[in-house]
2 protein chains.
Amino acid sequence: MAGQPVALDAQGLDDGPKVALEGARLAAADGIRVRVFGPASLSPSDGVEIQQSDQWISNDADPVAAVRSTAGASIVRAAADVAEGRSGALVSGGSTGATMTAALFAMRRLKGVHRPALAAQVPLPTSADGGRGAPGILLFLDVGANTEVRPQHLVQFAHLGAAFSESVLGVTSPRVALLSVGEEQKKGNPDVIEAHDALAGQAAIEFIGNVEGRDLLTGAADVVVTDGFTGNVTLKTLEGTARAVAAAVRDAARSGPLAAAGGLLLRPALGGLRSSLDPNAVGGAVLLGLRGVAIVAHGSSSPEGIANAIRLADRTVREDAVGRTARALQAAGATREALRDAPARRGQE
Amino acid sequence: MAGQPVALDAQGLDDGPKVALEGARLAAADGIRVRVFGPASLSPSDGVEIQQSDQWISNDADPVAAVRSTAGASIVRAAADVAEGRSGALVSGGSTGATMTAALFAMRRLKGVHRPALAAQVPLPTSADGGRGAPGILLFLDVGANTEVRPQHLVQFAHLGAAFSESVLGVTSPRVALLSVGEEQKKGNPDVIEAHDALAGQAAIEFIGNVEGRDLLTGAADVVVTDGFTGNVTLKTLEGTARAVAAAVRDAARSGPLAAAGGLLLRPALGGLRSSLDPNAVGGAVLLGLRGVAIVAHGSSSPEGIANAIRLADRTVREDAVGRTARALQAAGATREALRDAPARRGQE
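Bear in mind the structure is a predicted one, so any value in this text is a computation, not a measurement. (Residues numbered from 1 in each chain as written. Chains lettered and ligands numbered in written order. Predicted model: local features only at pLDDT ≥ 70, side-chain atom pairs only at ≥ 80, totals over all residues. Heavy atoms only, no water.)

Moving on: the side chain of A:Ser165. Following the sequence through the fold, A:Ser165 ends up in helix H5 (residues 151-167). Other than its neighbours up to four places away in sequence, A:Ser165 contacts A:Leu139, A:Gly170, A:Val171, A:Pro174, A:Asp222 and A:Val223. (Helix = DSSP H or I, 4+ residues; strand = E, 2+ residues; numbered from the N terminus. Contact = heavy atoms within 4.5 Å.)

If you want it as structure tokens, here you go:
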């Protein structure tokens, strides 16, 4: 169990750095060493080392300017820790923009990658097992790294997502789909239609065509690809809607004594739903396409959420997701250089 | 109660033309006359006239080609009925593409409108009343008429939505927002950022800035504007997620005798949630920016859903939404001609 340590940025969480420290301790109890970058008030414990780092980058700062100008910021130091080989992976629950920027600057892109993409893991309701047994996880990307993409970027996201789904989530031949406004090949905006044409000709991944917004939670696909604007809006819509409906059920159970009794009786059976709606269960989103491992945890993470993000980072390193992704891109002819020559491409790189 | 009749395309519904006929009868009982375009098997009744129309355009057909080549199709004849003044508004639960195309060809755009937009009404959970008392409705556009837009289109969608929200939904000074990846003015893709800058300078509508996907159901805005690709994906994600969570609650209530008893006790209190998740409650989406009224009902509508779509069409005519929209666009300087001169514009019309 003595792999490389995980570098944890403890700053920027909604509930403060103590949450990060507690998460680190939970993960350390599983044998994962954690190097925590945070304030001096944090104290080390077995498997948990503190790297004092009082500066940090807030959500309001411009990520690129702040990362460039704040070498001492916790996220910048944690990312450098990975780039310089002291840690094997980066986890942060601070500013998403700063985390992505620091990770990209420190770790660099994998050879042949256009742009890194942020991939969220969406737990599916237990009924949507896609006929595969255990309740599944949808890998959904890009959820915010690139608000503008070209067709060849979407094609590459499909390969990045498939490689992660297979290597870390353990899905054999993951079914990959494009998010669009209809299932037919010609439905979508021009970029999606062009990406569809390009993906339909590729043997290296199991491309199943388009899916619509209503298919995300049905287990119709293991990996769903879209641009970072649509992906971010869609993911937040999905989370917001699930919360709104769950809140309406809770409100109903408080509306009177009979309903309250009903809510109490139903509660144990709703446990599975509660945990599948809990963002802490999956740990965080993964920045794919880098030469290293970077996990973006929710700012609202609980200690268990941070621990799960650390466990995910550790698993991603152990499964050599980065190396497998690099080899998969090469083997599929899905590198930037190869896609530049693809006949389906029209636009400019 | 003797306004103009509503032209109803009875073809193309999932459950067949009888559903349309039953819907027409329910609306006729409220004093609305309906001209039904459908098969000869339908029979007239008080206030319900049948215009025999056996041809129809399926979801699989290319809408533009099919509408151009099938003058006898039910949707083409129903749209012509409005354009030629025999009916006051169009309702269809058939192919959305064919309905939008037939309506655009027959009714034409309002003077100064770039492109019509499809606006969905999303019922909000009762808890999200936005501090305004009665449970509200979010007007969300574009949900699929334009998969590609330019900033000036988004600006005009904002005005079209505000005019409809005020005139038909009865919202005073509706709060209008852009859908984006963050609340800050500079968050989004370049088109959204440019539209934000243009809208921030307009006094004619109450523009409240950006909202995120998680804000759609909280009542934070009365009108939310986005492009037709993002809007379609987002609306279907919202509907799909609400259904998945409701199904998970139902599954939980079937998981054992105690849970089943709980479900029974809770059921009456869940009535409000059920009806707020029911797409039949709002009747359909409205195509805004035309010289006439066109309502796109769900293909899966019940008779009550069709009746609500007819009632919405009738109300839209009575409130002179078209005339009020035209005057609002002129008064706000939000016509195509005025927007062309706007300093914020960079792209080509």
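The subject of this paragraph is the domain arrangement of chain A. Residue and element names in this part refer to chain A. Per the domain assignment, the segments making up chain A are domain 1 (6-113 + 280-320) and domain 2 (120-279 + 325-340). Placing the centre of domain 1 and that of domain 2 at their C-alpha centroids yields a distance of 24 Å. With both sides pooled, the region where domain 1 packs onto domain 2 buries about 1,900 Å², and carbon together with sulfur makes up 59% of that total. Among the residues domain 1 hides against domain 2, the three largest losses belong to Gly112, Val282 and Leu288. Together they make up 29% of the total. Run the count over domain 1 and domain 2 and you get one salt bridge. Of the charged contacts, one joins Asp320 and Arg327 as a salt bridge, the two residues approaching to 3.4 Å between their closest N and O atoms. Counting every contact that joins domain 1 to domain 2 gives two residue pairs in polar contact (both at pLDDT 80 or more). Every element with two or more residues in the side of domain 1 that touches domain 2 is listed here: strand E10 (285-288) and helix H10 (303-318). Top element by residues in the side of domain 1 that touches domain 2 is E10. It accounts for four residues. In terms of residue class, the side of domain 1 that touches domain 2 is built from ten nonpolar, seven polar and five charged. (Domains from an automatic or database assignment. Buried area = accessible area lost by both parts, 1.4 Å probe. Salt bridge = Lys/Arg side-chain N within 4 Å of Asp/Glu carboxyl O. Polar contact = N/O pair within 3.5 Å; in protein donor to acceptor, adjacent residues only side chain to side chain. Nonpolar A, V, L, I, M, F, W, Y, C, P; charged D, E, K, R; others polar.)

A common way to report how large an interface is uses the accessible area buried once the components associate. Listed per partner, the contact involves 50 residues of chain B and 50 residues of chain A. Between chain B and chain A the total buried area reaches about 4,100 Å² when both faces are included, carbon and sulfur atoms providing 74% of it. Per-residue buried area on chain B facing chain A is highest for B:Phe229, B:Lys236 and B:Leu266; these three make up 15% of the total on that side. Linking chain B with chain A are two salt bridges, by the criterion used here. We note a salt bridge from A:Lys236 to B:Glu212, for which the minimum N-O separation is 2.3 Å. Linking chain B with chain A are six residue pairs in polar contact (both at pLDDT 80 or more).

Here we take up helix H6 (residues 190-200) of chain A. When we look at burial in H6(A), the residues that qualify are A:Val192, A:Ile193, A:Glu194, A:Ala195, A:His196 and A:Leu199. In this fold, the buried residues of H6(A) make contact with H5, strand E7 (175-179) and strand E8 (206-211) of chain A together with helix H7 (228-252) of chain B. (Buried < 20%, exposed > 50% of the residue type's maximum accessible area, 1.4 Å probe, protein only.)

What follows is about the relation of the copies chain B and chain A. Expressed as a screw operation, the relation of chain B to chain A combines 0.0 Å of axial shift with a rotation of 180 degrees, fitting to an RMSD of 0.0 Å. The transformation just described matches what one would write down for a two-fold rotation axis. No C-alpha of chain B lies nearer the rotation axis than that of B:Gly262, which sits 1.7 Å from it. With an isologous cut-off of 70% or more, the 100% of interface residues of chain B that recur at the interface of chain A puts this contact in the isologous class. (Least-squares fit on C-alpha atoms with pLDDT ≥ 70 in both.)

All names here are of chain A. Reading across the sheet, the eleven strands line up as E3-E2-E1-E4-E11-E10-E5-E6-E9-E7-E8 and stay open at both edges, with mixed pairing between neighbours. Since the sheet does not close on itself, it has two edges, and those belong to strand E3 (48-52) and E8, each with one partner. Ignoring strand direction, the axes of neighbouring strands in this sheet form an average angle of 25 degrees. Two elements, strand E4 (residues 89-92) and strand E11 (residues 293-296), share four bridges in a ladder whose sense is parallel. Looking at E11, one finds that Leu90 is bridged to Ala294. Helix H1 (residues 17-28) rests against strand E1 (6-9), strand E2 (34-38) and E3 of the sheet, and its axis sits at about 150 degrees to E3. (Pairing = 2+ DSSP bridges. Axes fitted to C-alpha atoms, helices over the stretch in contact; angles between N-to-C directions.)

So, about the pattern of salt bridges. Taken as a whole and assessed by the stated rule, the structure comprises 28 salt bridges over all chains. Here B:Asp81 and B:Arg86 are joined by a salt bridge, their closest N and O atoms 2.7 Å apart. Notably, a salt bridge pairs B:Lys186 with B:Asp197, separated by 3.4 Å at the nearest N-O pair. Separated by eleven residues along the polypeptide, B:Lys186 in the loop between strand E7 (175-179) and helix H6 (190-200) and B:Asp197 in helix H6 bring together distant segments of the chain. Each of the salt bridges in this network shares a partner with another, and the network as a whole consists of A:Arg35, A:Glu49, A:Asp81, A:Glu84 and A:Arg86.

All names here are of chain A. In contact at an axis separation of 8 Å, H5 and H6 are set at 50 degrees when each is read in the N-to-C sense. It follows from the interaxial angle that H5 and H6 lie oblique. Remark: the crossing between H5 and H6 carries right-handed chirality. Residues Pro151, Leu154, Val155 and Ala158 of H5 lie in contact with H6, whose contacting residues are Asp191, Val192, Glu194, Ala195, Ala198 and Leu199. (Parallel < 35°, antiparallel > 145°, perpendicular 65-115°, else oblique. Left-handed = near helix turned anticlockwise from the far one by under 90°.)

Residue and element names in this part refer to chain A. Neither face of E10 is left uncovered, since the one carrying Ala285 and Leu287 and the one carrying Val286 and Leu288 both have all their residues buried. Alignment of strand E5 (residues 117-123) against E10, held across three bridges, turns out to be antiparallel. Each residue of the ladder has a partner; that of Leu118, found in E10, is Leu287. Across two bridges, E10 lies against E11 in antiparallel orientation. When the sheet's bridge partners are listed, Val286 is paired in E11 with Ile295. Count of turn residues in the E10/E11 antiparallel hairpin: four residues, of which Gly289 carries a positive phi of about 105 degrees.

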